Amino acid sequence: MIVETDPRRQGILILDFGSQYTQLIARCVRESQVYCEILPYDAPFAEVEDFDPAGLILSGGPATVTELSTPRAEPKLFEFGRPILGICYGMQTMAAQLGGEVENAHHREYGFARVIQSHRSVLMDGLFDDGDGHSDSGLDVWMSHGDRVIRLPEGFNPIAVSENAPLAAIADEKRRFYGLQFHPEVTHTSQGRAILSRFIHRVCGCAPNWTPENIIDGILENVRSKVGSDQVVLGLSGGVDSSVLAVLLQRAIGDQLTCIFVDNGLLRLGEAEQVLDTFSSQLGIHIVLVDAAERFLAGLKGILDPEEKRKAIGRMFVDVFQEQASEIERARWLAQGTIYPDVIESAGGRSTNAKVIKSHHNVGGLPESLHLQLLEPLNELFKDEVRSVGRELGLPEEVVDRHPFPGPGLGVRVLGEVRSEYLQILRQADAIYLEELRQSGLYESTSQAFAVFLPVKSVGVVGDDRAYEYVVSLRAVETIDFMTADWKRLPYELLARVSSRIINEVRGVSRVTYDISAKPPATIEWE
């Protein structure tokens with residue numbers, strides 16, 4: 001294996017052809033403790049050379065190789081001397097560009113499929129799902145394609161077949177080029193992680209250097225190099241991301257850090273007191289508390305559109321930070337706990353195929369007039385990596401395992417216009433929900449849970465009187481990477497207890513619903 005102390009200098013480069021699964025590929029590589037980055041498929045070859053990858057992965061994509069105007073890989077990649085793994089569209093364009101042939105399949109293949117190994121290969125040899133250990137053992141995989149390779153380029157051999165794809169996996173062992181028609185990055189392909197690990201470690205020779213300890217060392221070195229003797233202002237929300245960043249920055253630059261905690265009136269019940277106790281009293285981090293509740297509520301008055309709310313909240317956050325920073329000598333940097341999914345969902349990545357799902361206040365809401373330079377040390381990490389770093393830093397479990405809380409806070413959990421009376425109802429309902437979830441022992445196994453206030457009224461009965469009051473919806477999801485998510489199957493008894501308590505204890509609520517939407521097509525947050 002390659003010996004390298006800096007994990008960023010030994011990594012895998014993923015070229016994105018527009019697949020919905022590209023981020024999952026990246027997560028799989030990181031889970032193998034190897035650094036990776038994503039570039040658009042048409043990135044200049046000089047950038048590929050600058051990254052100097054140990055290997056390349058060509059992602060899937062929605063296009064068809066059978067049309068001349070669709071994306072193609074840079075031809076120089078195939079003369080670069082580095083291992084290449086093409087997945088789905090990546091395999092098809094590699095085969096076509098190297099002299100093979102691709103056609104529109106008569107039967108599209110979406111969902112589970114069974115592939116049988118037809119030729120020995122370092123990628124798949126010895127891997128099987130039926131437990132008999134024979135070389136012709138099958139693998140359960142996930143297919144999602146309408147095209148298929150029907151003629152191999154010179155030097156390639158078939159290594160697996162399926163009922164609808166006679167060339168379901170291919171290999172040119174001499175050049176270390178591999179292609180998979182199926183998607184190894186999705187959990188439905190049971191041996192997918194093992195296949196990717198084989199490519200990353202055995203074929204590309206990458207050592208498992210992308211560990212929390214090395215990530216921390218790299219961030220500390222980078223922050224010290226950038227910041228020098230300047231002062232840094234951090235917007236601390238108390239969530240996992242900003243909390244981990246606060247401890248990292250304190251370790252990196254000590255008293256050059258000032259954390260600003262803004263009580264914007266959009267916090268959960270008791271949140272300000274909890275954050276101050278944890279970070280000021282327990283961790284000894286310098287925090288300035290700013291009471292800006294009236295300012296934020298006034299700034300949100302009359303705004304209904306969720307994107308406008310997010311941007312307005314982002315602008316007000318920046319204004320507050322700039323005002324506070326002006327009182328700190330040599331303050332030059334605004335630190336934010338931006339993480340990779342934030343960048344992706346805001347189309348902040350470099351992929352030309354990215355579409356804006358929603359703006360994040362710490363990605364898309366910063367005005368050009370910002371007087372501070374941005375410092376975003378976590379913006380290449382996934383949520384699970386941030387949590388691992390937090391544990392390595394010794395943060396309390398109640399902080400590390402805390403459910404994500406959006407930067408705009410309850411401002412995007414009150415649908416439509418944000419009003420003080422709505423926030424009061426939502427805080428109480430949300431507190432009851434989370435309390436019951438914790439007491440039931442299900443908080444830790446739930447990725448994210450929260451209540452949403454709906455500004456619509458529903459008829460109910462309170463005692464013998466007719467009530468016409470508001471609706472609260474409960475949301476709970478299970479996810480690994482927050483790029484996709486499924487709704488949590490909470491016990492009916494728990495939901496009934498939460499509903500009963502909210503309707504009886506929170507004035508102004510007559511009905512409670514439960515959200516059973518997956519992401520996609522829905523997003524985790526309602527706005």
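If you're wondering where the values come from, they're calculated on a predicted model, not measured in any experiment.

K.L.:
I keep staring at the overall build of the chain and nothing clicks. Help me out?
P.N.:
Broken down by element type, the chain carries 14 helices and 18 strands. Here the C-alpha atoms of the chain give a radius of gyration of 25 Å, agreeing with the 24 Å that 2.2 N^0.38 yields for 527 residues. When its C-alpha atoms are laid out on the principal axes, the chain stretches across 75 × 65 × 45 Å. Taken over 527 residues, the chain has a buried fraction of 58%.

K.L.:
Hey, could you run me through the packing of helix α8 (residues 293-300) against helix α9 (residues 306-325) in this one?
P.N.:
The axes of two packed helices give the description: the angle between them and the distance between them. Where α8 meets α9, the closest approach of the two axes is 10 Å, and the angle between their N-to-C directions is 145 degrees. In the crossing of α8 with α9, the sense of the turn from one axis to the other is right-handed. Only Lys309, Ala312, Ile313, Met316, Phe317, Asp319, Val320 and Glu323 of α9 make contact with α8, whose side of the interface consists of Arg295, Phe296, Gly299 and Leu300. Of the residues assigned to the contact of α8 with α9, the class counts are seven nonpolar, one polar and four charged.

K.L.:
What's the story with a negative patch on the surface in this structure? I'm lost.
P.N.:
Taken together, the side chains of Asp6, Glu213, Asp217, Glu221 and Glu392 make up a negatively charged region of the molecular surface. The element best represented in the negative patch is helix α5 (residues 212-227), accounting for three residues. On the basis of relative accessible area, Glu221 is assigned to the exposed category, the value being 58%.

K.L.:
Is there a simple way to think about the packing of aromatic side chains in this case?
P.N.:
The geometry of an aromatic ring pair is captured by two quantities: the separation of the ring centres and the angle between the planes. Considering all chains together, one arrives at 13 aromatic pairs under this definition. By way of ring pairs, the aromatic residues Phe17, Tyr41 and Tyr89 are connected into one cluster. Taking the ring centre of Phe405 as reference, the NZ or CZ of Arg268 above it sits at 3.9 Å. For Arg489, the ring lying beneath its charged end belongs to Trp487, and the centroid distance is 3.8 Å.

K.L.:
I'm lost on the nonpolar core in this one. Help?
P.N.:
Nonpolar side chains in soluble globular proteins generally cluster together in the buried interior. Counting residues in each nonpolar core, the largest one holds 69 residues, and the members touching the most others are Leu77, Val232, Leu248 and Leu249. Looking at this core element by element, the count peaks at nine residues for helix α6 (residues 240-253). Excluding residues within four positions of it along the chain, Leu77 makes contact with Leu15, Phe45, Val48, Leu56, Leu58 and Ile84. Grouped together as the second largest cluster of nonpolar side chains are 52 residues, Val262, Ile328, Ala331 and Ile502 included.

K.L.:
How should α9 be read in this particular structure?
P.N.:
Residues separated by three or four positions in an α-helix point in the same direction, a consequence of the helix having 3.6 residues per turn. Helix length check: α9, at 20 residues, gives a terminal C-alpha distance of 28 Å against a target of 28 Å (1.5 Å per residue), a fit within 8%. You can read the cap of α9 off the contacts: a side-chain oxygen lies 3.0 Å from the backbone nitrogen of Glu307, and it is on Asp305.

K.L.:
Would you mind going over the pairing of strand β8 (residues 169-172) with me for this structure?
P.N.:
A regular strand places its side chains on the two faces of the sheet in alternate fashion. Neither face of β8 is left uncovered, since the one carrying Ala169 and Ala171 and the one carrying Ile170 and Asp172 both have all their residues buried. Across three bridges, the pairing between strand β7 (residues 157-162) and β8 is antiparallel. Residue pairing across strands places Pro158 opposite Ile170, the latter belonging to β8. Connecting β7 to the next strand, β8, in antiparallel fashion are six residues. Relative to strand β9 (residues 177-180), β8 runs antiparallel, the two being bridged by four bridges. Across the sheet, Ile170 pairs through a bridge with Gly179, a residue of β9. Turn length for the β8-β9 hairpin, with the two strands adjacent in sequence and antiparallel, is four residues, and the turn residue Arg176 shows positive phi of about 60 degrees.

K.L.:
Even after reading the chapter, I still don't get unusual backbone geometry, so can you show me in this structure?
P.N.:
Among all residues except glycine, the phi angle is most often negative; among peptide bonds, the trans geometry is most common. Cis geometry is found at the peptide bond from Lys519 to Pro520, where omega equals -15 degrees. On the secondary structure map, Pro520 appears in the segment after β18 (509-514). Omega for the bond connecting Pro520 with Pro521 falls within 30 degrees of zero, at 15 degrees, which places this linkage in the cis form. You can see Pro521 is positioned in the segment after β18. You will see that Gln33, though not glycine, has its phi angle at about 65 degrees, which is positive. Positionally, Gln33 belongs in the loop between α1 (22-31) and β2 (35-40). Given a relative accessible area of 33%, Gln33 falls into the partly exposed group. Although it is not a glycine, Cys88 sits at a positive phi angle of roughly 55 degrees. For Cys88, the location among the structural elements is in the loop between β4 (84-87) and α3 (89-97).

Calculation rules
- Residues numbered from 1 in each chain as written.
- Predicted model: local features only at pLDDT ≥ 70, side-chain atom pairs only at ≥ 80, totals over all residues.
- Heavy atoms only, no water.
- Helix = DSSP H or I, 4+ residues; strand = E, 2+ residues; numbered from the N terminus.
- Rg over C-alpha atoms; globule rule 2.2 N^0.38 Å.
- Buried < 20%, exposed > 50% of the residue type's maximum accessible area, 1.4 Å probe, protein only.
- Axes fitted to C-alpha atoms, helices over the stretch in contact; angles between N-to-C directions.
- Left-handed = near helix turned anticlockwise from the far one by under 90°.
- Contact = heavy atoms within 4.5 Å.
- Nonpolar A, V, L, I, M, F, W, Y, C, P; charged D, E, K, R; others polar.
- Patch = residues over 30% accessible without salt bridge, like charges linked within 9 Å, V, L, I, M, F, W, Y side chains within 5 Å.
- Areas by Shrake-Rupley, 256 points an atom, 1.4 Å probe, with all protein chains shown as cover.
- Salt bridge = Lys/Arg side-chain N within 4 Å of Asp/Glu carboxyl O.
- Lys, Arg positive; Asp, Glu negative; His and termini not counted.
- Charge placed at Lys NZ, Arg CZ, Asp CG, Glu CD.
- Phe/Tyr/Trp six-rings, centres within 6.5 Å; stacked < 30°, edge-to-face > 60°.
- Lys NZ or Arg CZ within 6 Å of the ring centre and 35° of its normal.
- Core = buried A, V, L, I, M, F, W, Y, C linked by side-chain atoms within 4.5 Å.
- Expected span 1.5 Å × (residues − 1).
- Polar contact = N/O pair within 3.5 Å; in protein donor to acceptor, adjacent residues only side chain to side chain.
- Pairing = 2+ DSSP bridges.

Read these as geometric descriptors, not functional statements.
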